[in-house]
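What the coordinates show
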Amino acid sequence: MCSPEEEALRRLEEVFSATLARINSLVLQPLLGTTPEPSDPQIRECLRLVQQLHQSSQRLWEVTEESLHSLRERLGHQDAVGLESLLLLRDADRVLQVHVEYIESYASCVAVQAFPKAAKKRREFWRGQRKALGQLLSGVSSEASVGTALTQALRQPLAHHVQQYVLLLLSLGDSVMEPHPARELVVHAATLFGNLQSFMRQALDQALATQALWHSLSSRLRDVLCTPARRLLQDSQDVAVTVTPLRAERVLLFNDALVLLQGHSVHTFDLKLVWVDPGQDGYTFHLLTPEDKLSFCSKNPRDLMVWQWKVTQAVCQALRGKKDFPVLGAGLEPSEPPACRCVAYTFRAEGRLCQATYEGEWCWGRPHGRGTLRWPDGRNHVGSFCQGLEHGFGIRLVPQASEDKFDCYKCHWREGSMCGYGICEYGTDEVYKGYFWAGLRHGFGVLESTPQAPQPCRYTGHWEKGQRSGYGIEEDSDRGERYIGMWQADQRHGPGVMVTQAGVCYQGTFQADKIVGPGILLSEDDSLYEGTFTRDLTLVGKGKVTFPNGFTLEGTFGSGAGKGLHTQGVLDTAAFPPDPSSTRKRQLGVGAFPVESRWQGVYGPFRDFVSAGCPGDEQEALLGFHVQNSRELRKSQEYLCCERTQPEACAGRMEDVLDELLLHREPRALRECLGKALSSSLHPLGKLLRMLMLTFQATYAGIGANKHLQTLAQEEVKQHARELWAVYRGLLQVALRRKGQAPEEDEDLEARDLQVHGLMLPLMLPSFYSELFTLYLLLHESEDSLYSQGIANLSLFPDTKLLEFLDVQKHLWPLKDLTLTTNQRLSLVRDKCFLSATECLQKIITTVDPREKLEVLEKTYGEIEATVSRVLGQEYKLPMDDLLPLLIYVVSRARIQHLGAEIHLIRDMMDPIHTGGLYDFLLTALESCYEHIQKEDMRLHRFPGRWDSKELW
């Protein structure tokens, strides 16, 4: 059964709908009907506001009609349609929002006096409409102005309507008992429209106060400050307050800004960027803004409390982007604005940020968090900020004078300066990857130009305060030379080695980029010059040349334009040719650059990271980040996005890394764990290995592939293994501390070397093997050439003839393995004896690890013994006299290329624990075979005439 309140609501909606229609035809449409369009911008703005009000009025009429329809449906079919079907109840929030929009549009018109201004040109028309307007209003004097009549006509019907809504909804709530399903909806609707009454009164009061303010200000100030949506919340003329340091004459608090009037100056502060800092004495509180700190003072604590409360609530309202509902600051507890916000702001004060626009996160008046900073000159910075300064990872674009050319800095920043690892791509097509400090290159870094540059070059090494300083490698592709050595103040200074593409090497001293004093010059043919020379390595002054055949020339050297090299000295031809082993010992740079100090700029950041306990926030800055690199610098914003591992993910991954180390401490598990770590570009050990590979390639690949640098490279690889092991040990200690476990005791030197050579070196050697083995090939090229000739000669022998030539005892010959075909003699069969041992030895070139190579050699020895034991029908241990000729046979049939390089690499890089053991014995035997094959009497044309050459075939 329908209640009397529902019937009353229906009648109320009918009356209000008709009233809205009359308001539309009597007031809004005539106001908008002014033609032609006025030239006065203020009148145009007023008409725009009236147009918005007209649209709000139309939506209000539409929702009223919907509500009326639902009431009629309910009253006409009360048995079938429940109370909850009423639009006013089931969709109260939408109905309320339409009313709020109308009120806000109306208040904007009141604040700027839009009605009298819009009606100004048709004053006579509105005087004739006074009687019609009076029918809409009550309590309005006939002498009232047209503006007042229009203002009342657009407000009074709505105020009466909302008041009746509240009364009827409250009455309806009393009539609906608690179990009724619609009671909660009725109570909710009554509460909403009760709040709407308060909101309407406050909105109108603020609009009228704002209207009065605009009348009190000069036209200049009014033009600066007046906007339709702006509302005055507090005026220092009503509640006195003093603001320092600006000493404002008048303080105005609006819903969107705080304004200080000081003579002819107007200081405006966006409330979204105002932070309230309560004072301690009750007589002062502070406001923090991006560029100022304002102190509010008052002799009356109550007045100060009013200002503080109103500013706080106004900031909350500005951040929400709409007026508070039901009223400003209503509620049991006052609202507190968040300390962190996301707003755009353009700096005005002089300084590095002058005219720059920051858009991003703020905290207590300073950029803090993620943000973007743009300068008028085209500079852009995207990244992290802390207390107003660039701090953390950031990308900066700096435009160059030429069109579409930028310097792009992808780097870590600390307190406004680049600090930590970064990648910088310059408009000159140069790229720097390395560390910074205080905005300058500092620590290890690589500066490389493009191959198309006028003078292509690449520097890999250490920097100090923006200049090359310390140990570094420079490759000059244009001159075809590489410098390895010390630098100071961006110049070659101190001991250095110069390697040229022609194979010429120099070691000496540089000063201010010039060669000074005596030095050593080695040519491709192993000629040695000791003396002085010029920048382009031309012999000049006193010196001594030692030729490959042992002859020496000592005297004074010089050169002239077009005259070539000339000398005056003594040529000694009595000397014997030098021993090849002594020539191989001419290794450069070993004493000049101690291996421990060469790459401290690479090791240091990793040590620092471990010593600091592996902090997640420093991982990127110290260890580097992964970025999708491109030398094509583009202006688009998309280029500012950096494809890299996020710091949060890095921090989580570091926990996993440390946990993994704790779980795999047994030898077998540790080997697998370290292998996995070294192969990962995200693991600290993997990152360090990749940086060391970069330095190794920069030093020894290409132009640097010179045999006189072999020892320098070999000891460098071993040092890298020691440093990688030290980082692993440091990570393990950090993992133990984080789990509250006691750290392990420090290793002694012997225990460390066992782990380095037995575990770490085999795992990381493959990363350096290509460049390192190339140096061994070059160093032992002449020996391997003799060995290859010997192998070629021995390959002419059939099996039985070769076994006989090598003096292998006949009872050890595996003749059972020589299967003959038709018309084939035993003496013609080749490559059948000791086949299993031959195939086994050939596997020595398929592995990198020296231990695995030695294991191949051990298996080869086992295959030889197994074959001999099978031939003899009993187990047989070969003495050295029998083993050596058999091993020479197997080596000659295996035909391993560059065996000398293989042997010497194994000898240099093998674990010292094998010295004097079985592996050492077998390697010595292989070395002896290698030397025998090189001997002159092993060549075919020197063999004694024991057989006719036709018999070999």
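Residues numbered from 1 in each chain as written. Predicted model: local features only at pLDDT ≥ 70, side-chain atom pairs only at ≥ 80, totals over all residues. Heavy atoms only, no water.

**Some words on the pairing of strand β18 (residues 457-464)**
Pairing geometry for strand β17 (residues 440-449) and β18, over 6 bridges, is antiparallel. Each residue of the ladder has a partner; that of glutamate 448, found in β18, is arginine 458. One ladder, built from 7 bridges, connects β18 with strand β19 (residues 467-476); its direction is antiparallel. Among the inter-strand pairings, tryptophan 463 is bridged to a residue of β19, identified as arginine 468. Linking two consecutive strands that pair antiparallel, namely β18 and β19, is a turn of 2 residues; a positive phi of about 50 degrees is found at lysine 465 within it. (Pairing = 2+ DSSP bridges. Helix = DSSP H or I, 4+ residues; strand = E, 2+ residues; numbered from the N terminus.)

**Topic: helix α25 (residues 880-894)**
Its 15 residues place the ends of α25 20 Å apart at the C-alpha level, agreeing with the 21 Å of an ideal helix rising 1.5 Å per residue. The buried count for α25 comes to 13 of 15 residues, which makes it a mostly enclosed element. Of the residues flanking the end of α25, it is arginine 895, one or two places downstream, whose phi is positive at about 55 degrees. (Expected span 1.5 Å × (residues − 1). Buried < 20%, exposed > 50% of the residue type's maximum accessible area, 1.4 Å probe, protein only.)

**As for the environment of glycine 550**
Summarising the element assignment, glycine 550 is placed in the loop between β25 (539-546) and β26 (552-560). Those residues in contact with glycine 550 that sit more than four places away from it in its chain are Ala575, Phe576, Pro577 and Pro578. (Contact = heavy atoms within 4.5 Å.)

**Digging into the pattern of salt bridges**
Applying the stated criterion across every chain yields a total of 40 salt bridges. With a closest N to O distance of 2.7 Å, arginine 10 and glutamate 14 form a salt bridge. In this pair, arginine 10 and glutamate 14 both sit in helix α1 (residues 4-32), 4 residues apart, roughly one turn of the helix. Residue classification places arginine 10 among the buried positions, given a relative accessible area of 18%. (Salt bridge = Lys/Arg side-chain N within 4 Å of Asp/Glu carboxyl O.)

**As for the packing of α1 against helix α2 (residues 41-76)**
Contact geometry of α1 with α2 gives a least axis separation of 9 Å together with a crossing angle of 155 degrees. Comparing their axes, α2 and α1 come out roughly antiparallel. Pair α1 / α2 crosses with left-handed handedness. The residue inventory of the contact of α1 with α2, partitioned by class, reads 15 nonpolar, 8 polar and 8 charged. (Axes fitted to C-alpha atoms, helices over the stretch in contact; angles between N-to-C directions. Parallel < 35°, antiparallel > 145°, perpendicular 65-115°, else oblique. Left-handed = near helix turned anticlockwise from the far one by under 90°. Nonpolar A, V, L, I, M, F, W, Y, C, P; charged D, E, K, R; others polar.)

**Quick word on the packing of aromatic side chains**
Under the criterion given, the structure shown has 32 aromatic pairs. For the pair tyrosine 345 and phenylalanine 347, a centre-to-centre distance of 5.2 Å together with 90 degrees between the ring planes defines the contact as edge-to-face. As far as burial versus exposure is concerned, tyrosine 345 and phenylalanine 347 are alike and both buried. Ring geometry for tyrosine 529 against phenylalanine 533: centres 5.6 Å apart, planes inclined by 50 degrees, an arrangement best described as tilted. Like phenylalanine 533, tyrosine 529 is buried. By the ring-pair criterion, three or more aromatic residues cluster together here, those being Tyr432, Phe436, Tyr459, Trp463, Tyr483, Trp487, Tyr506, Phe510, Tyr529, Phe533 and Phe557. Positioned above the aromatic ring of phenylalanine 254, the side-chain terminus of arginine 230 is 5.2 Å from the ring centre. One Lys or Arg, arginine 341, reaches over the ring of tryptophan 275 and ends 4.1 Å from the middle of that ring. (Phe/Tyr/Trp six-rings, centres within 6.5 Å; stacked < 30°, edge-to-face > 60°. Lys NZ or Arg CZ within 6 Å of the ring centre and 35° of its normal.)

**Topic: the pairing of strand β23 (residues 514-522)**
Note: strand β22 (residues 505-511) against β23, 6 bridges, orientation antiparallel. Directly across from glutamine 511, in β23, lies its bridge partner lysine 514. When β23 meets strand β24 (residues 528-533), the two strands line up antiparallel, connected through 4 bridges. Bridged to leucine 522 within β24 is leucine 528. If you look at the hairpin formed by β23 and β24, you'll find 5 residues sitting between the two strands, and aspartate 526 has a positive phi there, around 75 degrees.

**Details of unusual backbone geometry**
In this chain, threonine 244 is followed by proline 245 through a cis amide linkage whose omega measures 10 degrees. For proline 245, the location among the structural elements is in the loop between β2 (242-244) and β3 (250-254). Notably, arginine 247 is not glycine yet its phi reads approximately 55 degrees, a positive angle. Tracing the chain through its elements places arginine 247 in the loop between β2 and β3. The phi torsion at alanine 512 lies on the positive side, around 55 degrees, for a residue other than glycine.

**Digging into a nonpolar patch on the surface**
Taken together, the side chains of Met880, Leu918 and Phe921 make up a nonpolar region of the molecular surface, amounting to roughly 250 Å² of accessible area. Topologically, leucine 918 is positioned in helix α27 (residues 918-934). On the basis of relative accessibility, which here comes to 43%, the residue leucine 918 falls in the partly exposed class. (Patch = residues over 30% accessible without salt bridge, like charges linked within 9 Å, V, L, I, M, F, W, Y side chains within 5 Å. Areas by Shrake-Rupley, 256 points an atom, 1.4 Å probe, with all protein chains shown as cover.)

**Regarding the sheet that holds strand β4 (residues 257-262)**
Strand order in the open sheet made by the 4 strands is β1-β3-β4-β5, with antiparallel pairing throughout. With partners counted over all chains shown, the strands left at the sheet margins are β1 (232-235) and β5 (265-270), one partner each. On average, each strand axis in the sheet is inclined to that of its neighbour by 20 degrees, with strand direction left out of account. Bridging between β4 and β5 involves 6 bridges; their strand directions are antiparallel.

**A closer look at the confidence of the model for the protein**
Low-pLDDT portions of the prediction should not be read for the details of their coordinates. Chain-level statistics for the protein give a pLDDT mean of 86 and a share of 89% at 70 or above. In this model residues 626-643 is a low-confidence stretch, pLDDT under 50, and it forms 50 contacts with partners more than four residues away in sequence or in other chains. Here residues 939-953 is modelled with pLDDT under 50, and outside its nearest four sequence neighbours on either side it reaches 27 contacts, counting other chains as well. (pLDDT = per-residue confidence, 0-100.)

**Regarding the side chain of glutamine 714**
Along the chain, the position of glutamine 714 falls in helix α18 (residues 710-738). In contact with glutamine 714, not counting residues within four places along its chain, are Leu772, Tyr776, Asp908 and Met909.

**Regarding the sheet that holds strand β7 (residues 284-288)**
Here 4 strands make up an open sheet; going across it, the order is β2-β8-β7-β6 and the pairing antiparallel. Lying at the two open borders of the sheet, with one neighbouring strand each, are β2 and β6 (275-277). Averaged over neighbouring strand pairs, the angle between their axes works out to 25 degrees when direction is ignored. Where β6 meets β7, 3 bridges bridge the pair, whose relative direction is antiparallel. Bridge pairing in β7 places aspartate 277 opposite histidine 286. The strands touched by helix α11 (residues 301-320) are β6, β7 and β8 (293-297); relative to β7, the strand with the most contacts, the crossing angle is about 25 degrees.

**Side note on the nonpolar core**
Generally speaking, a soluble globular protein has its nonpolar side chains buried in company with each other. Grouped together as the largest cluster of nonpolar side chains are 72 residues, with contacts concentrated most on Leu685, Val717, Leu724, Met764 and Leu772. The contacts of leucine 772, once residues within four sequence positions are left out, are Phe696, Ala713, Gln714, Val717, Leu765, Leu905 and Met909. Grouped together as the second largest cluster of nonpolar side chains are 64 residues, Leu9, Val110, Val186 and Ala189 included. (Core = buried A, V, L, I, M, F, W, Y, C linked by side-chain atoms within 4.5 Å.)

**Points about the environment of leucine 213**
Assignment of secondary structure puts leucine 213 in helix α9 (residues 183-216). Leucine 213 sits in the buried class, given a relative accessible area of 3%. Sequence separation of leucine 213 and arginine 231 is 18 residues, and the distance between their C-alpha atoms is 9.7 Å. Sequence-distant contacts of leucine 213, that is, excluding residues within four places in its chain, are made with Leu232, Asp235, Arg250, Leu252 and Phe254.

**Considerations on the packing of helix α16 (residues 667-678) against α18**
For the pair α16 and α18, the least separation of the axes is 13 Å and the interaxial angle reads 105 degrees. Considering the angle they form, α16 stands roughly perpendicular to α18. Touching Leu670, Leu674 and Leu678 of α16 are Leu724, Trp725 and Tyr728, all from α18. Within the contact of α16 with α18, the residues separate by chemical class into 6 nonpolar, no polar and no charged.

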